[in-house]
Amino acid sequence: MKTVKVTINVNNEKIKLQVKPYETLLETLRERLALTGAKEACSLGSCGSCTVLLNGTPVRSCLILTPEVDGASITTIEGLKEDGKLHPLQEAFMEKGAVQCGFCTSGMIMTAKGLLNRNKKPSRAEIIKSISSNICRCTGYKKIVEAVEEASKKMA
Amino acid sequence: MDNLKVVGKKIPKIDAPLKATGAALYIQDVKIPGMLHGKILYSQYPHARIIKLDTSKAEKLPGVRAVVTAKDMPPNFRIGIMKDNPPLKSGKVLSIRDEIAAVAATTPEIAEEALSLIEVEYEELPGIFDPLEAMKEGAMLIHEEAKSNILKMPWRLICGDVEKAKQESAYIVEDTFSTQWVTHCCLGTSGCVAHFDMHNNLTMYSNTQIPSLAQNDFVEALNAFGLKNRRVRIIQAVIGGGFGSKLDTYAYEYIAILLALKTRKPVKIIFTREEEFFATSPRQCTITKISHGCDKDGRLTFRDVEMVLDNGAYTSWGATTPSVMMLPISSLYKVPNVRYIAKCVYTNNTYCQAMRGYGNPQATFAIESSLDQLAEKAGIDPLELRRINANEPGEITPQRFKITSCGMKECIEEVYKRLNWKEKRGKDNGRGVGMASLIHVGGGARVYKSDGCGTIIKMDDFGKVDVFTGASDIGQGSDTVIAQIVAEVIGIPIEDVNVINNDTDICPWDVGVHASRTTFVAGNAALGAARKIREQILEAAGKILDEDPADLDIKDGMVFSTKNKEKSTPLGKALRKIHYTLGGKMLMAEYFYDPANENFDKEFKGNLSVSYAYGAHGVEVEVDRETGKVKILNYVAAHDVGKAINPLLLEGQIYGGGLQGIGYALGEKMVYQNGRLMNGNFLDYKIPTAKDVPPIQPVIVETDEKDGPFGAKGIGEPGLVPTAPAIANAIYDAIGVRIKDLPITPEKILAALKAKDK
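Residues numbered from 1 in each chain as written. Chains lettered and ligands numbered in written order. Predicted model: local features only at pLDDT ≥ 70, side-chain atom pairs only at ≥ 80, totals over all residues. Heavy atoms only, no water.

**Student:** Would you mind going over empty space enclosed by the protein with me for this structure?
**Tutor:** In this approach the atoms are scanned with a rolling probe the size of a water molecule, which exposes any empty space left behind. All names here are of chain B. Enumeration according to the criterion identifies 9 cavities of 30 Å³ or more in this entry. Taken together, 21 residues make up the lining of the largest cavity; nearest its centre are Ser190, Tyr250, Tyr252, Phe271 and Thr280. Every element with two or more residues in the lining of the largest cavity is listed here: β1 (36-42) and α7 (251-263). Per-element tally for the lining of the largest cavity: the top contributor is α7, with 3 residues. The residue inventory of the lining of the largest cavity, partitioned by class, reads 8 nonpolar, 7 polar and 6 charged. (1 Å grid on protein atoms, 1.4 Å probe; cavity = no way out; pocket = protein on both sides within 12 Å on 5 of 7 lines; lining within 4 Å. Points joined across faces, edges and corners; volume = space filled by probe spheres on them. Helix = DSSP H or I, 4+ residues; strand = E, 2+ residues; numbered from the N terminus. Nonpolar A, V, L, I, M, F, W, Y, C, P; charged D, E, K, R; others polar.)

Below, the structure written as structure tokens:
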């Protein structure tokens with residue numbers, strides 16, 4: 001089968017790959033790089049469980065083909081630690097009870113990280129608007145919103 | 001109860017670090033060397049005869065390792081509680097989700113391509129998609145060998161004399177309510193990996209909610225395959241949501257077993273989201289005719305309920321939900337005379353299963369909507385009517401439930417106060433308030449012969465504890481609650497407790513995560529084991545410290561004498577001394593807790609649960625008369641939980657359950673047209689997002705249940721039980737129309753307003 005050469009920077013590491021032309025970024029991350037934090041839950045871009053950052057912006061990795069992101073920087077939940085410490089978002093999700101079954105959690109945290117990248121002090125309404133792109137069936141979202149608020153306060 | 005160090009505290013989930021870092025491994029993440037990928041071919045018609053099934057082209061595709069059809073399954077092997085469901089179908093297909101062939105291949109893509117090479121010819125047959133049609137005399141039989149489409153399940157509860165009570169009632173109302181199919185929408189889709197060893201023992205990697213019962217099912221399956229006396233081991237991956245969906249075993253699991261047996265390789269089947277929508281089993285839809293009466297003072301005289309449930313083409317636990325519906329029907333409020341008759345009916349629709357609440361939301365929707373109608377007819381404020389009839393501690397209900405702790409009145413008062421009921425009610429200004437209460441099992445539920453859970457506790461050499469529990473954590477946080485109980489009883493920090501819950505080879509038996517039973521039953525099992533191990537520690541430490549064990553205590557991992565503070569030892573050091581000595585030993589304890597609840601007798605009476613959970617929800621809504629849109633302005637969810645072992649997780653259950661209930665009430669619906677699902681994805685089947693969250697106030701009422709661990713009762717399901725009727729009742733108060741058919745959509749509201757204005 002024909003393959004495509006790509007070079008991507010994943011979690012601050014430059015990686016050279018030969019991928020299928022139709023390979024999604026989600027498949028590359030999960031199957032080639034064993035970064036299984038991003039989850040496949042709909043394959044339609046409708047749930048947000050596969051969200052990662054593409055050059056700092058949250059994207060649905062199930063909708064992006066890896067050959068499209070040649071040369072780009074990707075951050076996944078596994079790359080969120082800073083100086084060996086959990087990111088304030090991760091801490092806040094744990095402390096505030098924003099995690100139940102956890103299947104949506106990586107995508108939620110990465111979506112929230114994208115929000116904080118572009119808006120350091122989001123209002124509650126801005127947080128709700130941002131994470132409403134992602135589906136969670138367990139928590140009722142309340143504690144997720146509180147966790148993002150808490151993290152943004154801590155990072156201020 | 002005082003001076004609790006760990007229990008009653010807002011402790012973050014112990015598995016949260018794994019999940020917040022993406023390190024938790026779900027069934028999707030399980031990989032075994034040599035593993036193949038399985039895919040299933042489903043019927044193209046909801047009712048058809050299979051004329052031709054040719055797999056030869058698929059078999060020849062490079063990378064395909066096995067193609068199986070019904071002829072590869074043991075003949076007459078059926079699954080489900082009525083044994084009416086062959087995992088692979090032949091001859092006739094009875095629903096759109098009927099499995100007719102499956103493939104194992106080296107990659108998912110090849111498996112998918114192989115499916116497209118399987119040639120099937122059908123002769124389409126007319127189907128029956130309406131249970132009322134299917135019940136009619138002379139209707140086509142869905143299962144030809146059955147004499148009727150009505151299942152042989154005699155759901156019939158008679159308490160007192162309903163006919164006499166009807167004659168003596170001052171006010172009577174009667175109406176019909178109906179509910180829709182909704183589905184669990186677990187973010188983690190269904191899946192498994194089946195793997196045989198050289199001796200044909202099976203290891204099943206699974207996301208089941210019932211490891212012990214699934215083990216039993218698969219042992220039966222291996223017997224059917226001619227593999228007698230084999231071992232089955234269930235290893236649960238982290239479970240990406242349950243809500244009842246994983247309370248049975250399914251065709252896909254038996255297909256994976258068959259493929260693994262054929263190929264001698266591990267075979268993984270993971271559902272796509274599309275499959276998760278159409279090929280898993282939703283909450284059953286119901287048609288409920290209900291009549292209520294009361295005397296001139298508003299005291300309930302009778303409740304008379306007839307119900308039809310669409311069973312779909314096969315039978316799973318959904319068909320037994322009437323057993324739980326009986327609970328609110330007989331015992332939500334004091335009602336002396338009760339009649340309930342339910343019929344489950346085969347159709348060519350999808351078959352149904354357990355979903356959070358297990359029938360209780362459907363029954364409570366009818367009961368609580370009808371009670372508001374009765375209150376209006378009797379000229380009594382609906383909240384007052386509920387106060388008059390509220391359940392109380394010490395009551396024995398007509399179905400013989402023994403009510404121990406009961407905070408129903410307190411919950412109703414919380415709603416009254418927090419909703420500002422008196423001010424807001426009856427304003428006729430497009431805004432209104434409504435309420436509904438709930439009763440649910442809160443102390444296990446004896447639906448099987450055993451309602452038990454086992455726990456083993458093992459102390460290591462360093463003062464740390466391994467707890468092996470039968471209970472499955474499906475995200476609700478039972479591992480954390482169990483760790484809290486063990487830490488509290490022994491006297492160690494929660495960080496020193498490790499909970500192992502996912503392997504039938506090492507964990508004791510448990511009946512499964514259902515009936516909101518885990519905190520109560522697994523909690524009591526952990527409590528029993530922890531008490532035993534504490535006793536052992538103190539006895540052994542007494543010898544080391546030369547003190548009477550009765551004078552010893554453990555705090556923060558230190559064993560010390562309460563009389564002589566000088567005498568103390570770190571727990572780990574004591575354990576090492578006990579271990580590394582001539583005739584030494586390792587400390588272990590086990591405890592099996594099976595609550596003293598009762599199976600129903602033949603009349604469906606008996607004390608199903610050791611304790612009962614109560615709650616009341618109150619809602620303030622604003623309804624836009626132009627668009628029919630309902631906005632929730634205030635939502636009070638008061639729950640009697642006995643004791644909040646972990647308020648953080650408890651609130652999570654109330655918020656999460658409440659929002660699922662709001663989805664059920666106001667929007668979610670699986671649209672089936674002639675047996676085909678029309679909206680099987682998240683774009684067309686809308687579940688609530690963060691934007692749909694109203695202001696919800698969780699209110700925790702503690703009643704200290706005498707049999708509960710530290711006084712606790714169950715809370716897993718109650719959060720969504722009274723939601724829909726509370727909202728329907730509030731809408732009625734706001735605009736004077738009652739929607740009797742869920743979900744309450746703007747279209748239905750506009751149509752009802754139009755009809756009212758005529």
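More follows now that the structure is in view.
**Student:** What should I look at first to understand the sheet that holds strand β3 (residues 64-69) of chain B in this one?
**Tutor:** The strands making up a sheet associate through hydrogen bonds between their backbones, and the pairing can be parallel or antiparallel. All names here are of chain B. The 7 strands lie next to each other as β3-β5-β1-β12-β9-β10-β11, forming an open sheet whose pairing is mixed. With one partner strand each, in any of the chains shown, β3 and β11 (232-236) form the two edges of the open sheet. Neighbour-to-neighbour, the strand axes of this sheet turn through a mean angle of 20°, independent of strand direction. One ladder, built from 5 bridges, connects strand β10 (residues 202-206) with β11; its direction is parallel. By the bridge assignment for β11, Ser206 is matched with Gln236. Contacting β1, β3 and β5 (99-105), helix α3 (residues 108-117) crosses the sheet at an angle of about 25° to β1. Here helix α6 (residues 211-224) sits on the sheet and contacts β9 (191-196), β10 and β11; the angle it forms with β11, its principal contact strand, is near 140°. (Pairing = 2+ DSSP bridges. Axes fitted to C-alpha atoms, helices over the stretch in contact; angles between N-to-C directions. Contact = heavy atoms within 4.5 Å.)

**Student:** It is not clear to me how the domain arrangement of chain A should be interpreted in this structure. Could you clarify?
**Tutor:** Interface size is often expressed as the accessible area that is lost when the parts come together. Residue and element names in this part refer to chain A. Splitting chain A by domain gives domain 1 (4-79) and domain 2 (88-155). For domain 1 versus domain 2, the distance between C-alpha centres works out to 21 Å. Taken residue by residue, the interface counts 17 residues in domain 1 and 15 residues in domain 2. With both chains or domains summed, domain 1 and domain 2 bury close to 1,200 Å², and 59% of this area falls on carbon and sulfur atoms. Three residues stand out in domain 1 for area buried against domain 2, namely Thr51, Leu53 and Ile77, and they jointly supply 37% of the buried area on that side. Connecting domain 1 to domain 2 are 0 salt bridges. Counting the contacts that link domain 1 with domain 2 gives 5 residue pairs in polar contact (both at pLDDT 80 or more). (Domains from an automatic or database assignment. Buried area = accessible area lost by both parts, 1.4 Å probe. Salt bridge = Lys/Arg side-chain N within 4 Å of Asp/Glu carboxyl O. Polar contact = N/O pair within 3.5 Å; in protein donor to acceptor, adjacent residues only side chain to side chain.)

**Student:** Explain the interface of chain B and chain A here, please?
**Tutor:** On the chain A side, the residues contacting the 49 residues of chain B number 43 residues. Both faces combined, the contact of chain B with chain A buries some 3,600 Å², and carbon together with sulfur accounts for 62% of it. At the junction of chain B with chain A, the criterion picks out 6 salt bridges. Between Asp29 of chain B and Arg30 of chain A there is a salt bridge, with its nearest N and O atoms 2.7 Å apart. The interface formed by chain B and chain A holds 21 residue pairs in polar contact (both at pLDDT 80 or more) in total. Residue assignment for the side of chain B that touches chain A shows that the elements contributing at least two residues are α1 (16-20) and α17 (647-666) of chain B. Among the elements that make up the side of chain B that touches chain A, the one with the highest residue count is α17 of chain B (8 residues). A breakdown of the residues in the side of chain B that touches chain A according to their chemical character gives 24 nonpolar, 16 polar and 9 charged.

**Student:** Honestly, the domain arrangement of chain B in this entry has me stumped. Any pointers?
**Tutor:** Residue and element names in this part refer to chain B. What the domain assignment reports for chain B is domain 1 (16-23 + 452-593), domain 2 (31-126 + 189-239 + 246-278) and domain 3 (286-446 + 600-757). Counting residues at the interface gives 24 residues for domain 2 and 26 residues for domain 3. Regarding the contact of domain 2 and domain 3, the summed buried area is about 2,100 Å², with carbon and sulfur atoms giving 57% of it. There are 0 salt bridges connecting domain 2 and domain 3. Summed over the shared surface of domain 2 and domain 3, the result is 10 residue pairs in polar contact (both at pLDDT 80 or more). Grouping the amino acids of the side of domain 2 that touches domain 3 by side-chain chemistry returns 11 nonpolar, 5 polar and 8 charged.

**Student:** How should I be thinking about the environment of Arg299 of chain B in this particular structure?
**Tutor:** Residues and elements named next belong to chain B. Considering the arrangement of structural elements, one finds Arg299 in the loop between β13 (286-294) and β14 (300-312). Linking Arg299 and Ala170, residues 129 residues apart in sequence, is a C-alpha distance of 9.8 Å. Contact partners of Arg299, with chain neighbours within four places excluded, come to Gly293, Cys294, Ile388 and Asn389.

**Student:** Any chance you could explain helix α2 (residues 88-95) of chain A here in plain terms?
**Tutor:** Given 3.6 residues per turn, any residue in an α-helix points the same way as the ones three and four places further on. Along α2 of chain A, the residues classified as buried are Leu89, Gln90, Ala92, Phe93 and Met94 of chain A. Considering only its buried residues, α2 of chain A is in contact with α3 (105-118) and α5 (142-155) of chain A together with α1 of chain B. Gly97 of chain A occupies a position one or two residues after α2 of chain A and carries a positive phi of about 75°. (Buried < 20%, exposed > 50% of the residue type's maximum accessible area, 1.4 Å probe, protein only.)

**Student:** What exactly am I supposed to notice about the pairing of strand β2 (residues 13-19) of chain A here?
**Tutor:** Residues and elements named next belong to chain A. Pairing geometry for strand β1 (residues 4-10) and β2, over 7 bridges, is antiparallel. Each bridged residue has a counterpart across the sheet, and for Ile8 the counterpart in β2 is Ile15. In textbook terms, the turn of a hairpin is the stretch between consecutive antiparallel strands, and for β1 and β2 this stretch comprises 2 residues, one of which, Asn11, has a positive phi near 50°.

**Student:** Sorry, what's going on with the sheet that holds strand β24 (residues 612-623) of chain B here?
**Tutor:** Residue and element names in this part refer to chain B. If you trace the 4 strands from one edge of the open sheet to the other, you get β16-β24-β25-β28, paired in mixed fashion. In this open sheet, the two edge strands, each paired with only one partner strand, are β16 (431-441) and β28 (696-701). Neighbour-to-neighbour, the strand axes of this sheet turn through a mean angle of 15°, independent of strand direction. Bridge analysis of β24 against strand β25 (residues 630-640) gives 10 bridges, and the strand direction is antiparallel. Residue pairing across strands places Glu622 opposite Lys631, the latter belonging to β25.

**Student:** What is the right way to look at the packing of aromatic side chains in this model?
**Tutor:** Any two aromatic rings considered together are summarised by their centre-to-centre distance and by the angle between their planes. Residues and elements named next belong to chain B. Tallied over the entire structure, the rule returns 19 aromatic pairs over all chains. Between Trp317 and Tyr448, the ring centres sit 5.8 Å apart and the planes meet at 75°, which makes this aromatic pair edge-to-face. Placement of the pair is Trp317 in the loop between β14 and α9 (321-331) and Tyr448 in the loop between β16 and β17 (453-459), with a sequence separation of 131 residues. (Phe/Tyr/Trp six-rings, centres within 6.5 Å; stacked < 30°, edge-to-face > 60°.)

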